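Each chain is listed here by its residues.
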Amino acid sequence: MSDPDEVPAWLETWQGMGGLPSELEAAAGAAHRQVRALDRAAARLRVDDEPWRIRRVLAQRARR
Amino acid sequence: MSDDASIEAMGAALRARRVGAEELAIAAISALETLHGQLHVLVEAEPERAQAQARLAQKAIDAGDPRPLLGVPMAHKDMFYRAGRISACGSAILAEHRPTVTSTALERLDGAGAVDVGRLHMVELALGVTGHNAVTGTPKNPWDPDRVPGGSSSASAVSVAAGAVGAALGSDTGGSIRIPASCCGLVGLKPTYGRVSRFGAMPLAASLDHVGPLCRSVRDAALVLQALAGHDPNDPLSADEPVDNYLARIEDGVAGMVLGVPEASDLDGLSEAALAAFDQAVQTYQRLGCGVRRISLAALENANELATTIIGAEGAAIHANAIRERPDAFGPQTLARLRSGLFVPATHYLQALALRARMLEDLQEAGFAEVDTLLVPALDATPPTIEESDVASSPGFGKLLGQFARWFRPFNVLGVPSLAMPTGFDGAGMPVAGQLVGHPFDEATLLRMARAFERETGFTERRPPTSVSHAP
């Protein structure tokens, strides 16, 4: 995904449903690149890494 | 008295009866109107309510009430709701948005006796870091009106830096308090996630939204935080943690404390002036008796993409109806960013949220747990001109914005407190900034270490060429 206007493969489903409006193709490409950049980091997640754990960690590591 | 529009200076003048609160409020509105003609800051002044608040403050002052914010004029980013008053949030889609509640932040400042004189311009829906607003206009930097003021709390920074008001509220989802503070030579404080209530402040991305002050000095920032901090049941993400006395040890210095600094390789990409200011700041801390420990920031590698994913998804969810029904009412960059959020898969969004705790733990293990605060740069280089950075939605704009925000977004992701402050000036006289990053709910140490630097360097006492200071 080097071209910002390129449509990612997973959007082919949309194309099959009649096509993604052209003005949204760049937006879809940008989102795709962002989330792909997180894939390697996300591979480290374990089953108990729930999305809102950050609040608990902040409280546990609070310093005053 | 010195020509200084700081909260402390104005408070002293009020208590010494060198000026009355109502007179000061009127002077602040006049200064904002003058400044608006030069740098485009003011959405709307509110003289009647401001004068009524000022009269109440004056009664308290006359009765010997020592509260430090009493009678001090402030103005705020136009996204802090006051019941019945329009909050357009820098947008056309909310031009008639008249909330029925008042934000907790405003209520707490009202309760502390501050005088709210009006609403200030901001980036459209708080979604932008340079300060550009294609819908309501772009404020200009008081140090150089050709340059951006930073965003999204753009006019908050401009108005405080130019001396019109003593402080302003901002919001910070990816640097929106600290970036404009850095561009305009101010102190900008993003507290710990949950430390200050976001109730009644326009949400951009609730997982990363923070509320905090932009001020002329570190002590002023401590005073405003003291008024704002504390649990609020109206904000479901508010933290129920004890609130420190932020002034109690602020003058205690940093001898024997330990400052974390990034590895040299983490500083690649800084301009010569930014790197020099950073190195000098480290040396200043060492001279003050502070130990220094190098910390790898590898843990933060994906923080930018993570922040962008969360902001995109949450922002798009909030504004989805308007994106579909009134796309032409958005500025092009705002629309492009919100639209990309529509395409973030739910699985990736939830993984991005889950990675935040891991990232904080990784940074702690890399050495952050062993230091009192971490010093990092702010902007890579001098703020660009308004013209050269007006990228709208042209290809690659996201990369440019990411570069602009790269030293800020990670600390929204982690939720830890972070304070931007001037650490020097470049060859053209523009402020250069750095950031101190603290441990969760330890704003007191952050402020203490920032105050030691401020006292030693005096950088926060310099004033921009465009000034409307009306200090008594």
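These lines cover the structure that appears in this document, whether it is placed above or below. (Residues numbered from 1 in each chain as written. Chains lettered and ligands numbered in written order. Predicted model: local features only at pLDDT ≥ 70, side-chain atom pairs only at ≥ 80, totals over all residues. Heavy atoms only, no water.)

One number sums up the size of the largest pocket: a volume of about 1,300 Å³. Together, 43 residues line the largest pocket, and B:Thr308, B:Gly398, B:Lys399, B:Gly402 and B:Arg409 are the ones closest to its centre. Tallying contributions element by element places helix α2 (residues 22-37) of chain A first for the lining of the largest pocket, with seven residues. Looking at the lining of the largest pocket residue by residue, the class counts come to 20 nonpolar, 12 polar and 11 charged. (1 Å grid on protein atoms, 1.4 Å probe; cavity = no way out; pocket = protein on both sides within 12 Å on 5 of 7 lines; lining within 4 Å. Points joined across faces, edges and corners; volume = space filled by probe spheres on them. Helix = DSSP H or I, 4+ residues; strand = E, 2+ residues; numbered from the N terminus. Nonpolar A, V, L, I, M, F, W, Y, C, P; charged D, E, K, R; others polar.)

A few words on the interface of chain A and chain B. Each partner contributes to the interface: chain A provides 36 residues, whereas chain B provides 47 residues. When chain A packs against chain B, close to 3,700 Å² is buried across both sides, 61% of that on carbon and sulfur atoms. At the boundary of chain A and chain B, one finds four salt bridges. A salt bridge links A:Arg44 to B:Asp362; the shortest N-O distance between them is 2.9 Å. Taken together, the connections running from chain A to chain B amount to eight residue pairs in polar contact (both at pLDDT 80 or more). Among the elements of the structure, α2, α3 (39-42) and α4 (53-60) of chain A are those that each provide at least two residues to the side of chain A that touches chain B. It is α2(A) that provides the largest number of residues to the side of chain A that touches chain B, a total of nine residues. When the residues that make up the side of chain A that touches chain B are grouped by side-chain class, the tally is 23 nonpolar, one polar and 12 charged. (Contact = heavy atoms within 4.5 Å. Buried area = accessible area lost by both parts, 1.4 Å probe. Salt bridge = Lys/Arg side-chain N within 4 Å of Asp/Glu carboxyl O. Polar contact = N/O pair within 3.5 Å; in protein donor to acceptor, adjacent residues only side chain to side chain.)

Right, let's get into a negative patch on the surface. Residue and element names in this part refer to chain B. A contiguous patch of negative charge on the surface is contributed by Asp-146, Glu-387, Glu-388 and Asp-390. Positionally, Asp-146 belongs in the loop between β3 (115-120) and α5 (154-161). Judged by its relative accessible area of 53%, Asp-146 is exposed. (Patch = residues over 30% accessible without salt bridge, like charges linked within 9 Å, V, L, I, M, F, W, Y side chains within 5 Å. Areas by Shrake-Rupley, 256 points an atom, 1.4 Å probe, with all protein chains shown as cover. Lys, Arg positive; Asp, Glu negative; His and termini not counted. Charge placed at Lys NZ, Arg CZ, Asp CG, Glu CD. Buried < 20%, exposed > 50% of the residue type's maximum accessible area, 1.4 Å probe, protein only.)

All names here are of chain B. With an omega of 15°, the peptide bond running from Gly-151 to Ser-152 counts as cis. Inspection of the secondary structure puts Ser-152 in the loop between β3 and α5. For Cys-89, which is not a glycine, the phi torsion comes out positive at approximately 55°. In this structure, Cys-89 sits in the loop between β2 (73-77) and α4 (104-111). Cys-89 gets classed as buried once you look at its relative accessible area, which sits at 0%.

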